[in-house]
Amino acid sequence: MNNSNKEWKNLWVCSPQFQALKPLELLHREWDSSFQLPKHRKDLKNSHTMFRKTFNLSKKAKKAVLHISGDDHYILYVNGFYITQGPANSYAFCYYYNQVDITDYLQKGENVIAVHVYYQGLVNRAYNSGDYRQGMIADLWADGVQLLDNRWKCKAMEEYGYSRTLGYDTQFDEIIDNRKKLSAWKLAGFDDSDWVMAVICREDDHVFIPQPCDNVVVEEKNPVLIKKLSNGYLLDFGEELTGTFYMKSIGHAGDEVIIRYGEELISPDAEAPASITVADVMVRCEMRCNCYYEDRLVLADGSNELETFEYKCFRYVQLITETKVSMKDFKVLFRHYPFDDSKCSFHTEDPLIRQIWGICRNAVRNCCQEGFLDCPSREKGQYLGDLTVTAHALYCLTGDTKLFKKALMDFSHSTVICKGMMAVAPGSFMQEIADYSLLYPYQLLMYYHFTKDIELLEKLYPAAEGIERYFGQFKNEHGLLEQVNTKWNLVDWPDNLRDNYDFFLPQAPVGEGCHNVINALYIGMKQCMDELRKILRLPGNSIAPGSETSETERLKQLFAESFFDEKTGLFVDSTVSKHSSLHANAFAAFFNLAPEENKIEEFIMERGLCCGVYVSYFVLYGLIRLGYPQAAYELIINKSGHSWYQMLSEGATTAYEAWGKEQKWNTSLCHAWASAPIPVLMEFKDS
């Protein structure tokens, strides 16, 4: 597929225990009953490895650029200094590499490049892992000379143990034993004579492409409150943060500290989850979002640093010890995509709007990592549908489009698995949602309107055209989609926020008849494809047989004939129902499918946001496209149980996955798909 045409001077190297393993094939259609998940060696899961390369410089380099990649993930140090981490998650057949300027970190004499390479070994949304691809590659060009070769030393990091997985097998808990830790391995002069040589992988199958966006950045956040407890400390960082926890401690070898993270505190009169047994527990570490955030540090004798590896999403930390351990220098290494919103032009005197803006902004910053994550806790996955909202919000906040570009590329790469596109990309967990695939052409157009990047549009147009062709196979004799049974027809999530949408929607197969939302999305996709072809000066939309009307215009007429009830002035949910839901009307309004004489605005204002927070984007923009921006504004500031005000009333510092903590059985309290107010308020400002 894509290739950067970069000529690597060096080869991929890996740990010796991976050298004889062939890559496991994990890519498949979600509902392919013939696929059997390959078995994976347990001893190779959660594999942390140190790689070291030393070299000498006769003089200080004027310009030194490192090209580097690692699978699944690397953290780079030069002469003991943290530099960066990456690459962004990607498929092996289009694997990202990074270009890093390390000029300022090199010195005359001996230098060392130290790389912490992590291979997770799980099948999930967070990594393309579980496939036995492990290791790294690096070239270093300094003043026109390539300084590295393939002779890297490596050694397993023995301090990182675990007892269980968290979320949807998203990550491992961390039992960190500092008695097994090598503290100085990142420094020049460290004795690695007993380390083994990394193995050269001459048959490595990674196909490298340059990462089109920046790596994540890390900033230190100190607690706003430190409370001494009878057996440790309670730390409050003031807001939800995505990152890793750090502290220093002094104790004796074998002393232990339990580290509990959470988004909430347990009040003294509340009933704690049954699995939590410490009497004065205060942090709800068994979180609503199905993550049990409890780690453990085992101390070495004397001074210790806690260096957790895998990021979590939390506000509070509770430290518990049964021995006399001294603890200090608490901080969170807050990680996120580069985020400069200083030039954002939105201002308001309304305190409620400022608060709503704040929790949406914070959710976007937390969820923008190496990709647009739905949440940085339970799933850590980049969902195609969420991209519609989060990419738009990030652009409004920062003007950045590079992460958007990468995401569009990621999903185009997923068409290797299915021409109709995957719902999660990249990742080794396969999921397909029809609604999300149909939004890809809309997203391409959005990106083009932001950037005028015709080159990327030309490159990714075939992926959009593949979606158009894929869904064309489900047209009935009239031209509407029916029985789209190869992908989940979502409409909204959770299903209790579908406003009683009257159509049978299990994950497969869907009920008989044509339902509204999938067809609104399909016609919206056709409209976007027409515009894409116009921009790219490609042959236009065909004329429907026996008609002077284009196919898309004919579909719009057919949609109205099939779903619009002239008596009520509203759209119904399906061809086999007379029920009108918010969703049936919001998506129709969003894609300009409604007849001029309609009562959709009154209906939406009466129903309110009786939908999931994700669909609120389509509701609000539907009102704007009907000509009612003030109505959209009023919905944003409404104070019902389905509102951003409800999140704030429950103590939110980042926008939630649902309107309230109890409205979903596993609610994430940090979910950027709830950030619709940011682009809508920006549009309202300009209207």
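Details of the structure are given in the entry above.
Residues numbered from 1 in each chain as written. Predicted model: local features only at pLDDT ≥ 70, side-chain atom pairs only at ≥ 80, totals over all residues. Heavy atoms only, no water.

Moving on to the packing of aromatic side chains. Counting across every chain of the model gives 42 aromatic pairs. Here the aromatic rings of Phe 190 and Trp 195 are separated by 5.8 Å at their centres, their planes lie at 65 degrees, and the arrangement is edge-to-face. Given a relative accessible area of 6%, Trp 195 falls into the buried group. Three or more aromatic residues joined by ring pairs make a cluster, and in this case those are Tyr 383, Tyr 436, Tyr 442, Phe 587, Phe 590, Phe 591, Tyr 614, Tyr 617, Phe 618, Tyr 621 and Trp 673. The ring of Tyr 233 has Lys 228 lying over it, and the distance from NZ or CZ to the ring centre is 5.1 Å. In this structure, Lys 380 packs its charged tip against the face of Tyr 311, placed 3.6 Å from the ring centre. (Phe/Tyr/Trp six-rings, centres within 6.5 Å; stacked < 30°, edge-to-face > 60°. Buried < 20%, exposed > 50% of the residue type's maximum accessible area, 1.4 Å probe, protein only. Lys NZ or Arg CZ within 6 Å of the ring centre and 35° of its normal.)

If you walk through the whole model with that rule in mind, you get 42 salt bridges. Across the pair Asp 205 and Arg 133 runs a salt bridge, and its minimum N-O distance is 2.7 Å. On the criterion of sequence distance, the pair formed by Asp 205 in the loop between strand 16 (199-200) and strand 17 (208-210) and Arg 133 in the loop between strand 7 (109-119) and strand 8 (135-142) is long-range, its members being 72 residues apart. Assessed through its relative accessible area of 35%, Asp 205 is described here as partly exposed. (Salt bridge = Lys/Arg side-chain N within 4 Å of Asp/Glu carboxyl O. Helix = DSSP H or I, 4+ residues; strand = E, 2+ residues; numbered from the N terminus.)

With that settled, consider helix 3 (residues 402-413). Because an α-helix completes one turn every 3.6 residues, residues spaced three or four positions apart along the sequence face the same direction. Over its twelve residues, helix 3 extends 17 Å from the first C-alpha to the last, a length consistent with the 16 Å expected when each residue adds 1.5 Å. For helix 3, the tally of buried residues reaches ten of twelve residues, placing the bulk of the element in the interior. Here helix 3 has its buried residues at Leu 403, Phe 404, Lys 406, Ala 407, Leu 408, Met 409, Asp 410, Phe 411, Ser 412 and His 413. The secondary structure elements touched by the buried residues of helix 3 are strand 6 (95-101), strand 17, helix 2 (384-398), helix 5 (440-451) and helix 6 (454-472). (Expected span 1.5 Å × (residues − 1). Contact = heavy atoms within 4.5 Å.)

Turning our eyes to something else, we now look at empty space enclosed by the protein. Under the defined criterion, the tally for this structure stands at one cavity of 30 Å³ or more. Within this model, the largest cavity holds a volume of roughly 40 Å³. Lining the largest cavity we find Asn 46, His 48, Tyr 118, Tyr 160, Gly 161, Phe 172, Asp 173, Glu 174, Phe 309 and Glu 310. Among the residues making up the lining of the largest cavity, the classes are represented as four nonpolar, three polar and three charged. (1 Å grid on protein atoms, 1.4 Å probe; cavity = no way out; pocket = protein on both sides within 12 Å on 5 of 7 lines; lining within 4 Å. Points joined across faces, edges and corners; volume = space filled by probe spheres on them. Nonpolar A, V, L, I, M, F, W, Y, C, P; charged D, E, K, R; others polar.)

Let us look at the pairing of strand 7. In terms of residue burial, strand 7 counts as a mostly covered element, since nine of its eleven residues are buried. Looking at chain direction, strand 2 (residues 47-57) and strand 7 are connected through eleven bridges and run antiparallel. Looking at the pairing, Asn 56 lines up with Glu 110 of strand 7. As paired strands, strand 4 (residues 73-78) and strand 7 are joined by six bridges and run antiparallel to one another. Residue pairing across strands places Ile 75 opposite His 116, the latter belonging to strand 7. (Pairing = 2+ DSSP bridges.)

Turning next to the nonpolar core. Counting 147 residues, the largest nonpolar core has Tyr 440, Phe 471, Trp 644 and Met 647 as the members making the most contacts within it. Element by element, the count of residues in this core is highest for helix 7 (residues 516-536), at eleven residues. Aside from chain neighbours lying at most four places away, what touches Phe 471 is Gly 420, Ala 434, Ser 437, Leu 438, Leu 481, Val 484, Lys 487 and Tyr 522. Ala 114, Ala 126, Val 257 and Phe 334 belong to the second-largest nonpolar core, a separate cluster that totals 40 residues. (Core = buried A, V, L, I, M, F, W, Y, C linked by side-chain atoms within 4.5 Å.)

Two elements in contact, helix 2 and helix 11 (residues 616-626), have axes separated by 10 Å at closest approach and are oriented at 65 degrees. What the angle tells us is that helix 2 and helix 11 run roughly perpendicular. Contacts between helix 2 and helix 11 involve Thr 388, Val 389 and His 392 from the former and Tyr 617, Phe 618 and Tyr 621 from the latter. Of the residues contributing to the contact of helix 2 with helix 11, the split by class is four nonpolar, two polar and no charged. (Axes fitted to C-alpha atoms, helices over the stretch in contact; angles between N-to-C directions. Parallel < 35°, antiparallel > 145°, perpendicular 65-115°, else oblique.)

This part covers the sheet that holds strand 7. Here six strands make up an open sheet; going across it, the order is 5-4-7-2-10-15 and the pairing antiparallel. Both edges of this open sheet fall to strand 5 (81-86) and strand 15 (196-197), since each of them pairs with a single strand only.

We now examine the pairing of strand 4. Extensive coverage of strand 4 is indicated by the burial of six of its six residues. Side chains His 73, Ile 75 and Tyr 77 of strand 4 all project onto a buried face; the interleaved residues Tyr 74, Leu 76 and Val 78 project onto the opposite face, where all are buried too. Bridging between strand 4 and strand 5 involves five bridges; their strand directions are antiparallel. Within the sheet, the bridge partner assigned to Leu 76 lies in strand 5 and is Thr 84. A loop of two residues connects strand 4 with strand 5, the two strands running antiparallel in sequence, and Asn 79 in this loop sits at a positive phi of about 50 degrees.

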